[in-house]
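Observations on the model geometry
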Amino acid sequence: MHEQQAQHAKTQELLFELRVADVMRPQVICVRPDQTMTELRNLLREHRISGTPVLDGDEVVGMITIADLIAFLVSGESEARIADKMTRNPQMLFSDQLLVHVIRQFDETRFGRFPVIDPQTHKLVGILTKGLIIEGMLRAMERELKEEEIRQYRASHIFEDLVAEYKEIYLTYELIGRDFDRAGKASTQMKRNLKRLGIRPDIVHRLAVASYEAEMNAVIYADSGVMEFRIAPEEIFMRVRDRGPGIEDVARAMEPGYSSAPDWVREMGFGAGMGIPNIRKCADKMHIQSTPGIGTTVSVRIFTGREGEGA
Amino acid sequence: MTLKEVAEQLSARVLAGGDEDLAAAATSVAAGDMMSDVLARADIPDVLVTGLTTVQAIRTASVAGIKTVVIVRGKPVPQPMIDLAREESIVLMVTAMKLFEACGRLWDCGLRPRAGKGKAPEA
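Per chain, the residues get numbers from 1 upward, laid out in the order the sequence is written. Each chain takes a letter, starting from A, and each ligand takes a number, starting from 1, following the order in which they are written. Where totals are concerned, whole chains, interfaces and linings use all residues; where local detail is concerned, this predicted model gives features only for residues with pLDDT of at least 70, and gives and counts side-chain atom pairs only at 80 or more. The side-chain quantities take in all heavy atoms of the structure and omit both hydrogens and water.

Considerations on the overall build of chain B
What counts as a helix is a DSSP run of H or I of at least four residues, what counts as a strand is a run of E of at least two, and both are numbered from the N terminus. A tally of regular secondary structure across chain B gives 6 helices and 5 strands. In sequence order, the secondary structure elements of chain B are arranged as α-β-α-β-α-β-α-β-α-β-α. To sort residues, take the accessible area from a 1.4 Å probe on protein chains only and compare it with the maximum for the residue type: under 20% means buried, over 50% means exposed, and anything in between is partly exposed. Within chain B, buried positions represent 51% of all 123 residues. Pairs at least 24 apart in sequence give 50% of the contacts found in chain B among residues at least 6 apart. Accessible surface is estimated by sampling points in the Shrake-Rupley manner with a 1.4 Å probe; for residues, cover comes only from the protein chains shown. Surface accessibility of chain B: about 5,500 Å² in total, with carbon and sulfur atoms responsible for 54%. Contacts between residues were defined by any pair of non-hydrogen atoms, one from each residue, lying within 4.5 Å.

As structure tokens, this is what we get:
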């Protein structure tokens, strides 16, 4: 449902972004009013088109279509000039019009095609059909999707594409203590990386939460730290090592609600005593090794091969 | 209801997010100033109502996959927070209402926590 809405909004957005010139077919085949209907028939057949503007010099004086040709053939006349069978003074579009306005014109007039003229010179520059609008929009959508898609495709196939007995990806982030503008950045970047790698969304969520809590702990309490991620086909391993004060009582720190955080940490929205319990909840395996005065290492394993029951 | 209607109900000012973003639907809400409590939830709400005006509120939303953050009590929102919301494609708005009142209004509109015994009605 969400996705459909987003897709719909995307289509609408394109209608507001694209102009006639972006999707029209330039270099229009055209005819003169003094040409014959037989000439028109050959032209339509040769170019496999169903209609064309009629030009007198530089000026668009009419539109002639396959419907006009059929009417002429049915009438039994032996020959006629295009000038006598065309629709005179056709409605035209300007090349700088937005598609959203143009679509209304298609609906209201029920014409299948419109000549497109330059807004300044009023000279014919192209032709627009509904089919060309759809083609143009598909091209535009493809362009927008392509970049992220290529990234995702490349990344998600990396394990298949590379041949080795053991395949692992290591990613490392440096953490700077008390840098609260950047705090959490590594985890959000990591979340994006995992998505690109094609990791299952529930696993991405669990790793992102565990990583963010661990990152915040390191940034809040330590002078510096390192986050390492090892991504293998069957599991993701995360290790956050910091040079901080260490945890006096690791067992108590695991209890939900237990916190030794000072007020300034709470003011930042952390220190509710849920950090380490959150990490444990998200992890399949967790290990904390801490030495007061030296630092803390939090290790987390999440198995990617099977459905986890964590957050 | 749409996020635009959420903003109207709360008389909120939208700081990040365009018309297209505001057309998205919202059915569930979570509230709190403690980011770990938000992260501890297994359910991911559409909207987070909070008094926390640091970039961490946005980071938390991004990590948890929450699309909208509403700041209460009309607190001044620092520019880096607005910038990050735009970067992470998160809708950010601020209302003068207090946390309790903002939540009450949204409850009246039919918004609910995502999990829990009571099913959220179709808004």
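Moving on, there is more to tell.
Concerning the sheet that holds strand β7 (residues 124-129) of chain A
Residues and elements named next belong to chain A. Only strands joined by at least two bridges in the DSSP assignment are considered to pair. Pairing in this open sheet of 4 strands is mixed, and the strands run β1-β7-β6-β5 from one edge to the other. The open sheet has two free edges, formed respectively by β1 (25-26) and β5 (93-94), since each of these has just one partner strand. Of the strand pairs in this sheet, β1 and β7 are connected by 2 bridges, and their pairing is antiparallel. Bridging from a neighbouring strand, P26 pairs with G126 of β7.

Focus on the sheet that holds strand β1 (residues 13-16) of chain B
All names here are of chain B. Pairing in this open sheet of 5 strands is mixed, and the strands run β1-β5-β4-β3-β2 from one edge to the other. Looking along the sheet, the strands with just one partner apiece sit at the ends: β1 and β2 (29-31). Pairwise comparison of adjacent strand axes, ignoring direction, gives a mean angle of 25° for this sheet. Here strand β3 (residues 47-50) runs beside strand β4 (residues 68-71); their pairing, made up of 4 bridges, is parallel. Fitted lines through C-alpha atoms give the axes, limited to the stretch in contact for helices. The angle between two N-to-C directions lies from 0 to 180 degrees.

Some words on the confidence of the model for chain B
Predicted coordinates in regions of low pLDDT should not be interpreted in detail. Note: pLDDT gives the predictor's confidence per residue, expressed from 0 to 100. Across chain B, pLDDT averages 90, with 93% of residues at or above 70. In the predicted complex, the global pTM is 0.65; the interface-specific ipTM is 0.85.

A word on the interface of chain A and chain B
With 32 residues of chain A at the interface, the matching set in chain B holds 22 residues. The buried area of a pairing is the accessible area, by a 1.4 Å probe, that goes missing from both parts when the two are put together, added over both. Per-residue buried area on chain A facing chain B is highest for A:T188, A:H205 and A:Y212; these three make up 22% of the total on that side. Here, a salt bridge means any Lys or Arg side-chain nitrogen found within 4 Å of an Asp or Glu carboxyl oxygen. At the boundary of chain A and chain B, one finds 1 salt bridge. For the side of chain A that touches chain B, the secondary structure elements donating two or more residues are α1 (2-17), α9 (185-196), α10 (201-221), α12 (263-267) and α13 (275-282) of chain A. Partitioning the side of chain A that touches chain B into residue classes produces 12 nonpolar, 9 polar and 11 charged. In the scheme used here, Gly and all other residues not listed as nonpolar or charged are polar, with Ala, Val, Leu, Ile, Met, Phe, Trp, Tyr, Cys and Pro taken as nonpolar and Asp, Glu, Lys and Arg as charged.

Focus: the nonpolar core
Definition used in this section: a nonpolar core is a set of buried Ala, Val, Leu, Ile, Met, Phe, Trp, Tyr and Cys residues joined via side-chain atoms within 4.5 Å. Formed by 68 residues in total, the largest nonpolar core has its most connected members in A:L194, A:I231 and B:L92. Element by element, the count of residues in this core is highest for α10(A), at 12 residues. Residues contacting A:I231, with those up to four places away along its chain left out, are A:F159, A:K167, A:E168, A:I169, A:L171, A:M190, A:L194, A:L197, A:I199 and A:I236. Core analysis: the second largest hydrophobic core is formed by 20 residues, A:V20, A:M24, A:F106 and A:F114 among them.

Concerning a negative patch on the surface
On the surface, A:E17, B:D19, B:E20 and B:D21 cluster together into a negatively charged patch. Examining the composition of the negative patch, we find that 3 residues originate from one element, helix α2 (residues 19-22) of chain B, more than from any other. As for its placement among the helices and strands, B:D19 is situated in helix α2. Each patch is built from residues lacking any salt bridge and having more than 30% relative accessible area; the joining distance is 9 Å for like charges and 5 Å for nonpolar side chains (Val, Leu, Ile, Met, Phe, Trp, Tyr). Charged residues are defined narrowly, with Lys and Arg counted positive, Asp and Glu counted negative, and His plus the chain ends left uncounted. By convention, the charge on Lys lies at NZ, on Arg at CZ, on Asp at CG and on Glu at CD.

Looking at the pattern of salt bridges
Tallied over the full model, the rule gives 19 salt bridges over all chains. Its salt-bridge partner being A:E228, residue A:R241 comes within 3.0 Å of it at the nearest N-O pair. With a gap of 13 residues between them, A:R241 in strand β10 (residues 235-243) and A:E228 in strand β9 (residues 224-231) connect regions that are remote in the sequence. You can call A:R241 partly exposed: its relative accessible area is 36%. The salt bridge involving B:D33 is made with B:R73; its shortest N-O contact spans 3.8 Å.

Quick word on the pairing of strand β3 (residues 59-65) of chain A
Residues and elements named next belong to chain A. Most of β3 is tucked away: 6 of the 7 residues are buried. Where strand β2 (residues 51-56) lies against β3, 6 bridges are found, and the strand directions are antiparallel. Pairing of D56 across the sheet is with E59, part of β3. The loop that links β2 with its antiparallel partner β3 comprises 2 residues; one of these, G57, has a positive phi angle of about 70°. Judged from the 2 bridges that link them, β3 and strand β4 (residues 87-88) form a sheet pairing that is antiparallel.

Some points on the packing of aromatic side chains
For this analysis, a ring pair means two rings from Phe, Tyr or Trp (six-membered ring only for Trp) whose centres lie within 6.5 Å, classed as stacked if their planes differ by under 30 degrees, edge-to-face if by over 60, and tilted for the remaining angles. Going through the model one piece at a time under the given rule, you end up with 5 aromatic pairs over all chains. When the ring of A:F106 is compared with that of A:F114, the centres are 4.9 Å apart and the planes differ by 85°; the resulting orientation is edge-to-face. Residue classification places A:F106 among the buried residues on the basis of a relative accessible area of 2%. A cation over an aromatic ring shows up here: B:R112 above the ring of B:W107, its NZ or CZ 3.8 Å from the ring centre. In our convention, an over-ring charge means Lys NZ or Arg CZ found within 6 Å of a ring centre and within 35 degrees of that ring's normal.

Re the layout of surface pockets
All names here are of chain A. Buried and open spaces are told apart on a 1 Å grid over the protein atoms alone, a cavity being a set of points where a 1.4 Å probe fits but cannot get out and a pocket being an open set with protein on both sides within 12 Å along at least five of seven lines. Residues with an atom within 4 Å of a point are the lining residues. Grid points are joined across faces, edges and corners, and a volume is the space filled by probe spheres set on the points. When its volume is computed, the second largest pocket comes out at roughly 610 Å³. What lines the second largest pocket is a set of 33 residues, among which N217, Y221, I247, S260 and I276 lie closest to the centre. Mapped by element, the contributors of at least two residues to the lining of the second largest pocket are α10, β10, α13 and β12 (295-303). Among the elements that make up the lining of the second largest pocket, the one with the highest residue count is α10 (6 residues). For the lining of the second largest pocket, the per-class residue count stands at 18 nonpolar, 11 polar and 4 charged.

Examining a nonpolar patch on the surface
Residue and element names in this part refer to chain A. On the surface, I66, I70 and V74 cluster together into a nonpolar patch covering about 290 Å² of accessible area. By secondary structure assignment, the location of I66 is in helix α4 (residues 66-75). Residue class for I66 comes out partly exposed when judged on its relative accessible area of 38%.

Examining helix α4 (residues 55-64) of chain B
Residues and elements named next belong to chain B. Taken across its 10 residues, α4 has 10 buried, putting it largely inside the fold. Among the residues making up α4, those that are buried are V55, Q56, A57, I58, R59, T60, A61, S62, V63 and A64. Remark: G65 follows α4 within two positions and exhibits a positive phi of approximately 85°.

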